[in-house]
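Overview (structure and organization)
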Amino acid sequence: MPWNPEEEPPFDPFAEPPFDGEAPFPDGGPVSARGGVDAGRASTGSGSASPRAARSATAVAPTALEALEKIFGYDSFRNQQAEIIDTLIAGGDALVLMPTGGGKSLCYQIPALVRDGTGVVISPLIALMQDQVDALTAVGVRAGFLNSTQDAGERSRVERAYLDGELDLLYLAPERLRVSSTAQLLDRGTISLFAIDEAHCVSQWGHDFRPDYLQLSMLHERWPTVPRIALTATATEVTHREIATKLQLGEAKHFVSSFDRPNIQYRIESKNQPMQQLLALIRSEHAGDAGIVYCLSRASVEKTADFLVENGITALPYHAGLDSRIRAANQSRFLREDGVVMVATIAFGMGIDKPDVRFVAHLDLPKSVEGYYQETGRAGRDGLPSTAWLAYGLQDVVQQRRMIQQSEGDDAFRRRLGANLDAMLALCETIECRRMQLLAYFGETSAPCGNCDTCLAPPEGIDGTIPAQKLLSTVVRLLREKNQRFGAGHIVDILLGKTTPRTTQHGHDQLKTFGIGTELSDQEWRGVVRQLLAQGLLAVQGEYGTLAVTEASAAVLDGSRRVKLRKEPERSSRSAKKSKVASDLPAQSVDLFEALRAWRSSEAKAQEVPAYIIFGDATLRGIAISRPGSLAELGGISGVGENKLAKYGEALLEVVAAN
Ligand code: ADP
Ligand code: ZN
C-alpha cells in the first residue's frame, strides 16, 4: 500500500493455490487427507448401504420445514429464510443481503434438498470448502467440492457422484467455470439451483473483487431455467445494484435484512496500556474463548501474540509475512481447537466461518467504518453474546492522518480516505448509542440499543471550550512567537508547565500558556487533542505529525464557537471468570456446559473436524440448561437433528447424567 509502509501487502485469502503448489493445509491436514466427498456417503465404490438409504428423509423429497427440523434440528426459520427458500423452490431467483450470522447458508441448502438434482454453490473460499462439506456430511447431507486442492482421483470421484445424482450440494470455485469441461460436466447431471456466495466479489469497486465472478452471468445464459440465488453480507447500496446487473438478476426478488447484530456488544475505550487492557478483557470476560485481535502492523501482531502467550493465553500470530505453511497451520488450529486467540493483521478473517468467535478486539484504529463493521462482524455468528472491543488513542489519529497525507494517489483519493477516517473517529467519539451510529452509517434508523458501552455507561458531554482554547492558543503562540511546530506530547507538557530539556532549551517556559492547564491530567489532555483532531479543530502535519490549527479553529479561539467534548465514564471492572457464554448461563448449568465442551473437544479431535461441526455452542447451551433425560428430549433441542441424535445421543445423555 502506498500510504502505509507498515501495511500488509495485499494477501488474497481467496487465492487458489497453483495446481502443483501448496494446499491450504499443507501439513497433511484435512484437504489432502480426505477427498472432496465424504467417502462413506457419496463414493460409488463402497458397495455397502447406498447413499440414499443413509438419509431416509430424502427418499421422498422433504418439505422445507421437514428438512429444517429433521436434518438441521432447528424448529423455525429465521428472518426472511422461509420466503427466500420458497422463492427458490418455486423456481425463482433471489438476491439476498443478510449480515454475517444471519443464516444465509440454509437459504440455498434447503431448496437444494427439496428440489430435484444437485445445488451448485459457487464460492471463492476454497480453503473453507472442506469444512463446509464436513459440516453438511455431519448432518447427513451429501456434499462434495471441486477445486484445485484435489488430486485427479478425488476430483473424478466427486464428478461421478454428481453424475449419478448422489450429491445434494456441490461446491465449486469460480475458476472452475472458466474450464469448458466443467460446464459440460454440469450439463450431464441435474442442477437444482445455483448459489453464488460472497456475491459482492463481482463488484469491481469493492475490495474483494474477483474477475472470475464477472463471467458468472453465463450461468443464466447457459441454464436459463435453473433458479439462482446470490448472497452477500456487504451492505452498501452500490454493491447491491452492481450484483443485480452484473449477474443478470433482473427478475430476482430482493431480500434485504437489517444489518444489526444484536448479540454483539460494541465497546470503544481510550488506549492507555493497550496490551494490559486487552489482557484484562480476555481474563475478565473471555477466558477460554476463541477471539480475534487485529493489529495494523506485523511487528505489533508478533509482539501482542508473544505477550498473550507469556500470560498464559493460547494465542497465535497471523500476517502475510509469515511462512504460508505456518499461516495455514495457525488458521487451522484456530478453526479446529476451542479457545484459540488469533492475533492478526486485517489479512485474516475473510470468509472465516467459525461460528463461535466470542470477541474481536482492535488494538489499532480501523481505517473505515465498513472495515470495522466487517471485522467485528466475525464475532458471534452463532447468535450468542459476543464482544467487539476497540482501544483507540491519540497516536492512532496522528498516525492515520499522517499516512493519508503522505499517501500516493490524487486528491480525490486522499479525500475519500479522510472521509472514511472521519466517520470512524465520529463513531469513536460519539456520546450516543454506538449501534445507532453504525446502523445509520449503513442507512438504517434505530433506537438506542442497550448493548453498547455508551448505552450501558453513558459518557458525559461536557463544554470543552476553555481547554480547547488553551490548547489551540499554545499551538498558535508556538508558531507566531517561535516559528515552531510540535507534536501533542510537547504541547501537553507546556500546558502542564513541565520543565523538560525541550521546554527550557526553547524558552517555552516563557510562553503565556506555560502551566495554564494543570486542571487536567496528561491523559486527559491527550483526550482533548484527540477529540479536537477528530472534530477537525486541529490538524496533523508533516513527517513528525506536528499539530496545526485549522480554518475552523479560529471561531473557537475568538469564542464564537463552543466545543463539546466527551468525558469518559468510569469503567467498572467486571469480575466474571468464566467465558462469556458460560457466564451468561444459570449457575447450575455452568459445570455441565463445560463438561459438554470438553466432550465436544475430544470428539472433534478424534474426527479431525472443527469443534463446531460436532455441535455449536448454542446447542450445548440448550442441553446444559434443559438437561435432557431421554433421546426424545435431546432431539427436541435446537441444533440436534436426526443424524446427530443417532450418532451422539447416547454419549451426550451420559455426559448429562454424570454432571
Ligand atoms: P451466514 O452465512 O449468514 O453468516 P450461517 O448460514 O453460517 O450464517 O448461519 C449462522 C448460524 O446460525 C449457523 O450456526 C446456523 O446453523 C444457524 N442458523 C441458521 N438458521 C437457523 C435457524 N433457522 N434456526 C436456528 N439456527 C439457525
Ligand atoms: Zn447502544
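Because the structure is predicted, anything quoted here is derived from the model rather than measured. (Residues numbered from 1 in each chain as written. Chains lettered and ligands numbered in written order. Predicted model: local features only at pLDDT ≥ 70, side-chain atom pairs only at ≥ 80, totals over all residues. Heavy atoms only, no water.)

A word on the overall build of the protein chain
Which entries qualify depends on this criterion: The numbering of helices and of strands both runs from the N terminus, where a helix is a DSSP run of H or I of at least 4 residues and a strand a run of E of at least 2. Throughout, exposure labels follow a simple rule: accessible area from a 1.4 Å probe, protein chains only, divided by the maximum for the residue type, with under 20% read as buried, over 50% as exposed, and the rest as partly exposed. Here, two residues are considered to be in contact whenever any of their heavy atoms come within 4.5 Å of each other.
Regarding its fold elements, the protein chain presents 31 helices and 17 strands. Out of the 659 residues belonging to the protein chain, those deemed buried represent 56%. Counted over contacts in the protein chain with a minimum sequence separation of 6, partners at least 24 positions apart contribute 74%.

Let's talk about the coordination of the zinc ion (ligand 2)
For a metal bound by four donors in tetrahedral geometry, the ideal donor-metal-donor angle is 109.5 degrees, whereas six donors in octahedral geometry ideally sit at 90 or 180 degrees. Counted only if it meets this: A donor here means an N, O or S atom no more than 2.8 Å from the metal, or no more than 3.2 Å when the metal is Na, K or Ca. Since water is not included, a site may seem to lack partners. Tetrahedral means four donors with every angle between 85 and 135 degrees, whereas square planar (four donors) and octahedral (six donors) require angles over 155 degrees between opposite donors and between 65 and 115 for all others; sites fitting neither are termed irregular.
Surrounding the zinc ion (ligand 2) are the protein donor atoms Cys 433 (SG), Cys 449 (SG), Cys 452 (SG) and Cys 455 (SG), which sit 2.3 to 2.4 Å from the metal. Coordination at the zinc ion (ligand 2) comes from four donor atoms whose angles at the metal span 102 to 120 degrees, giving a geometry best classed as tetrahedral. Counting along the primary sequence, the residues that act as donors to the zinc ion (ligand 2) give the motif C-x15-C-x2-C-x2-C. Taken together, the positions of Cys 433 in the loop between helix 18 (411-429) and helix 19 (434-441) and Cys 455 in helix 20 (residues 453-456) put the pair 22 residues apart, joining distant regions of the chain. Look at Cys 433 and you get buried, because its relative accessible area is 6%.

Overview of unusual backbone geometry
In terms of backbone geometry, most residues other than glycine have negative phi values and most peptide bonds are trans. The phi dihedral of Glu 608 falls on the positive side, at around 55 degrees, and the residue is not glycine. On the secondary structure map, Glu 608 appears in the loop between helix 27 (587-607) and helix 28 (611-614).

Digging into the site of ligand 1
The criterion, for reference: Near is defined per residue: the residue qualifies when any heavy atom it owns lies within 4 Å of the molecule or strand. Polar contact is defined as a pair of N or O atoms within 3.5 Å, subject to the rule that within protein one atom must be able to donate a hydrogen and the other to accept it, and that residues adjacent in sequence are counted only when both atoms are side-chain atoms.
Taken together, the neighbourhood of ligand 1 is formed by 14 residues, with Tyr 74, Gly 101, Lys 104, Ser 105 and Arg 381 sitting nearest. Arg 78 places a side-chain nitrogen or oxygen 3.1 Å from an oxygen atom of ligand 1. A distance of 3.0 Å separates a nitrogen atom of ligand 1 from a polar atom in the side chain of Gln 81. At three residues, helix 6 (residues 104-114) tops the list of elements feeding residues into the shell around ligand 1.

A few points about the nonpolar core
The nonpolar side chains of soluble globular proteins are, as a tendency, buried together. Quick note on the threshold: Nine residue types can take part in a nonpolar core, namely buried Ala, Val, Leu, Ile, Met, Phe, Trp, Tyr and Cys, and a core is a set of them joined through side-chain atoms within 4.5 Å.
Ranked by internal contacts, the top residues of the largest apolar core, which has 102 residues, are Leu 186 and Leu 471. Those residues in contact with Leu 186 that sit more than four places away from it in its chain are Val 120, Tyr 162, Leu 170, Leu 172, Leu 177, Ile 191, Phe 194 and Trp 223.

Here we look at the sheet that holds strand 2 (residues 118-122)
Short version of the rule: Two strands pair under a simple rule: DSSP has to find at least two bridges between them. Helix axes are fitted only over the stretch in contact, all axes being lines through C-alpha atoms; the angle between N-to-C directions runs from 0 to 180 degrees.
Read across the sheet, seven strands follow the order 3-4-2-5-6-1-7 without closing on themselves; strand pairing throughout is parallel. Both edges of this open sheet fall to strand 3 (143-146) and strand 7 (253-256), since each of them pairs with a single strand only. Each adjacent strand pair in this sheet contributes to an overall mean axis angle of 20 degrees, direction not counted. Here strand 1 (residues 94-97) runs beside strand 7; their pairing, made up of four bridges, is parallel. In the sheet register, Ala 94 faces strand 7, and the bridge partner there is Lys 253. The sheet strands contacting helix 9 (residues 180-188) are strand 2, strand 3, strand 4 (169-172) and strand 5 (191-196), and the helix crosses strand 4 at an angle near 170 degrees. Lying over the sheet, helix 12 (residues 237-246) contacts strand 1, strand 6 (228-232) and strand 7, oriented at roughly 160 degrees with respect to strand 1.

Description of the packing of helix 18 against helix 19
Test applied: The labels follow the angle: roughly parallel below 35 degrees, roughly antiparallel above 145, roughly perpendicular from 65 to 115, and oblique for the rest. In this scheme, a crossing is called left-handed if the near helix is turned counterclockwise away from the far one by less than a right angle; it is called right-handed if the turn is clockwise. Three classes are used: nonpolar for Ala, Val, Leu, Ile, Met, Phe, Trp, Tyr, Cys and Pro, charged for Asp, Glu, Lys and Arg, and polar for all others, with Gly counted as polar.
Look at helix 18 against helix 19: their axes get within 9 Å of each other, and the N-to-C directions meet at 160 degrees. Comparing their axes, helix 19 and helix 18 come out roughly antiparallel. At the point where helix 18 passes helix 19, the crossing takes the right-handed sense. When helix 18 is examined against helix 19, the residues Asn 420, Ala 423, Ala 426, Leu 427, Cys 428 and Glu 429 are found in contact with a partner set consisting of Arg 434, Gln 437, Leu 438 and Tyr 441. A per-class count over the contact of helix 18 with helix 19 returns six nonpolar, two polar and two charged.

Overview of the pattern of salt bridges
The test is simple: Salt bridge, as used here, is a side-chain nitrogen of Lys or Arg placed within 4 Å of a carboxyl oxygen of Asp or Glu.
Counted under the stated rule, the structure contains 30 salt bridges. Of the charged contacts, one joins Asp 131 and Arg 336 as a salt bridge, the two residues approaching to 2.7 Å between their closest N and O atoms. Here Asp 131 is found in helix 7 (residues 129-138), whereas its partner Arg 336 is found in helix 15 (residues 324-336), with 205 residues between them in sequence. When the shortest N-O distance is used, the salt bridge between Arg 414 and Asp 411 registers 3.1 Å. Here Arg 414 and its partner Asp 411 are both found in helix 18, three residues apart, which amounts to about one turn of the helix. A single salt-bridge network, built from bridges that share partners, covers Asp 338, Arg 358, Asp 382, Arg 600 and Asp 617.

Overview of the confidence of the model for the protein chain
The criterion, for reference: You can read pLDDT as the predictor saying how much it trusts each residue, on a scale of 0 to 100.
On average, the protein chain scores 86 in pLDDT, and the residues at 70 or more come to 88%. Considering only residues more than four positions removed or in separate chains, one finds that residues 1-59, a stretch of pLDDT under 50, has 124 contacts.

Observations concerning helix 29 (residues 617-626)
Within helix 29, burial applies to Asp 617, Thr 619, Leu 620, Arg 621, Ile 623 and Ala 624. Trailing helix 29 by a residue or two, Arg 627 shows a phi angle of about 45 degrees, which is positive.

Thoughts on the sheet that holds strand 11 (residues 341-344)
Across the sheet, which stays open at both edges, the six strands sit in the order 8-13-12-9-11-10 with parallel pairing between neighbours. Looking along the sheet, the strands with just one partner apiece sit at the ends: strand 8 (264-270) and strand 10 (315-318). Ignoring which end each strand starts from, the neighbouring axes of this sheet average 15 degrees apart. In terms of strand pairing, strand 12 (residues 357-362) meets strand 13 (residues 386-392) through four bridges, oriented parallel. Note that in strand 13 the partner of His 362 across the bridge is Leu 390. Sitting on the sheet, helix 18 is in contact with strand 8 and strand 13, with an inclination near 105 degrees to strand 13.

Digging into helix 27
To keep things clear, this is the line we draw: Multiply 1.5 Å by the residue count of a helix minus one, and that product is the helix's expected span.
For helix 27, built from 21 residues, the straight-helix expectation of 30 Å at 1.5 Å per residue is met to within 8% by its first-to-last C-alpha distance of 31 Å. Looking only at helix 27, the buried set comprises Ser 589, Val 590, Leu 592, Phe 593, Ala 595, Leu 596, Arg 597, Trp 599, Arg 600 and Ala 604. Backbone geometry just downstream of helix 27 places Glu 608 in the positive-phi region, at approximately 55 degrees.

Things to note about the environment of Phe 348
Here Phe 348 is to be found in the loop between strand 11 and strand 12. On a C-alpha basis, the gap between Phe 348 and Arg 327 in space is 9.7 Å, while along the polypeptide they are 21 residues apart.

Focus on the packing of aromatic side chains
Here is the rule we go by: Note on ring pairs: Phe, Tyr and Trp rings are taken, using the six-membered ring of Trp, and paired if centres are within 6.5 Å. Classes follow the plane angle, with under 30 degrees stacked, over 60 edge-to-face and the rest tilted. Definition used: whenever NZ (Lys) or CZ (Arg) falls within 6 Å of the ring centre and also within 35 degrees of the ring normal, the charge is taken to sit over that ring.
Summed over all chains, the structure comprises ten aromatic pairs. Here Tyr 266 and Tyr 373 contribute two aromatic rings whose centre-to-centre distance is 6.2 Å and whose plane-to-plane angle is 20 degrees, an arrangement assigned as stacked. One end of the pair, Tyr 266, is in strand 8; the other, Tyr 373, is in helix 16 (residues 369-376), with 107 residues separating them in the sequence. In this structure Tyr 373 comes out as buried when scored by relative accessible area, which is 11%. Within the aromatic cluster, the residues linked to one another by ring pairs are Tyr 266, Tyr 372, Tyr 373, Tyr 441 and Phe 442. Seen from the ring of Phe 334, Lys 354 lies directly overhead, with NZ or CZ sitting 5.5 Å from the centre. Geometry around Phe 615 places Lys 644 over its ring, the cationic atom sitting 5.3 Å from the centre.

A look at the environment of Leu 533
Its place among the elements puts Leu 533 in helix 24 (residues 522-534). Along the primary structure Leu 533 and Val 549 are separated by 16 residues, whereas in three dimensions their C-alpha atoms are 9.6 Å apart. Setting aside residues up to four positions removed in sequence, Leu 533 forms contacts with Leu 394, Val 397, Val 398, Arg 401, Leu 538, Ala 539, Val 540 and Leu 547.

Quick look at the side chain of Arg 228
By the secondary structure assignment, Arg 228 is in strand 6. Using a relative accessible area of 1% as the deciding quantity, one classes Arg 228 as buried. Here the side chain of Arg 228 touches Leu 247 through a polar contact of 2.7 Å, landing on its backbone oxygen. Non-local contacts of Arg 228, meaning those with residues more than four positions away in its chain, are made with Leu 88, Gly 92, Asp 93, Ala 94, Phe 194, Leu 219, His 220, Leu 247, Gln 248 and Leu 249.

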